Amino acid sequence: MEHVDIDEAETGGFGRDVEMRRLTDALGAEDMAINHYRLDPGEGFSGGMHTHLDQEEVFVILSGTATFETEDGAVEVDEGEAVRFAPGEYQTGNNEGDEAVEALALGAPGDSTEVRVPVTCRECGHEALAAVPGDDGMGFVCPECGTEADLPT
């Protein structure tokens, strides 16, 4: 068994100014990613619409209301509710309310490497770019032809 005080866990917002605590390593989890978020009004879980081809995600809303945009429209998830996104399902979640949102984000398996954004490659027309972490934040490359793209994150 592992036990951790959330406020003492390592922070990191994927290069963004969002309060996110990484619980995966602190708890010794090997098969899932666990992150705790506190989002002020206007902040989001990610930098934009994306999907994990190799990971399902679950968001458990502990307080406030999060709004998730999907290809089918927006869904509000209130305190005490949870939402699941299957591998390959595009989504982005934000705090569009006036109160802070506190949530747990769970992903399995934990070591997702196949992240896509719905942006068409300017060279070959492939329908989604791969998001790849780099020293200066997130980079984007076409998985079909290898063309690199500069996108806002």
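Residues numbered from 1 in each chain as written. Predicted model: local features only at pLDDT ≥ 70, side-chain atom pairs only at ≥ 80, totals over all residues. Heavy atoms only, no water.

A. The pairing of strand E5 (residues 65–70), seen in detail. Pairing analysis gives 6 bridges linking E5 to strand E6 (residues 73–78), with the strands arranged antiparallel. Residue pairing for E6: Thr-70 is matched across the bridge by Gly-73. As judged from the 4 bridges shared by E5 and strand E8 (residues 91–94), these two strands associate in the antiparallel manner. Following the sheet pairing, Glu-69 is matched in E8 by Thr-92. (Pairing = 2+ DSSP bridges. Helix = DSSP H or I, 4+ residues; strand = E, 2+ residues; numbered from the N terminus.)

B. Here's a closer look at the UniProt feature "domain: Cupin type-2" (unreviewed entry) in the protein chain. The UniProt record marks residues 36–105 with the feature "domain: Cupin type-2" (unreviewed entry), using the residue numbering of this structure. What you have in residues 36–105 is 0% helix and 56% strand, and the ends, taken at the C-alpha atoms, are 6 Å apart. (UniProt positions renumbered as here; feature names shortened; annotations may be inferred.)

C. Region of interest: the nonpolar core. Counting residues in each nonpolar core, the largest one holds 15 residues, and the members touching the most others are Tyr-37, Phe-45, Phe-59, Ile-61, Phe-68 and Val-101. Counting only elements with at least two residues in this core, the list comes to strand E2 (33–39), strand E4 (56–63), E5, strand E7 (82–85) and strand E9 (101–108). In terms of residue count, the dominant contributor to this core is E9 (3 residues). The contacts of Phe-59, once residues within four sequence positions are left out, are Phe-45, Phe-68, Glu-81, Ala-82, Val-83, Phe-85, Gln-91, Leu-104 and Ala-105. Counting 8 residues, the second largest nonpolar core, distinct from the first, contains Val-115, Ala-131, Cys-142 and Ala-149. (Core = buried A, V, L, I, M, F, W, Y, C linked by side-chain atoms within 4.5 Å. Buried < 20%, exposed > 50% of the residue type's maximum accessible area, 1.4 Å probe, protein only. Contact = heavy atoms within 4.5 Å.)

D. The arrangement of the pattern of salt bridges in detail. Here the structure, examined in full by the defined rule, presents 5 salt bridges. With a closest N to O distance of 3.0 Å, Asp-7 and Arg-38 form a salt bridge. Pair noted here: Asp-7 is in the segment before strand E1 (19–22) and Arg-38 is in strand E2, with a separation of 31 residues, a long-range link. The exposure class of Arg-38 is partly exposed, given its relative accessible area of 27%. Residue Glu-114 pairs with Arg-116 through a salt bridge whose shortest N-O separation is 2.9 Å. For Glu-114, a relative accessible area of 32% puts it in the partly exposed group. (Salt bridge = Lys/Arg side-chain N within 4 Å of Asp/Glu carboxyl O.)

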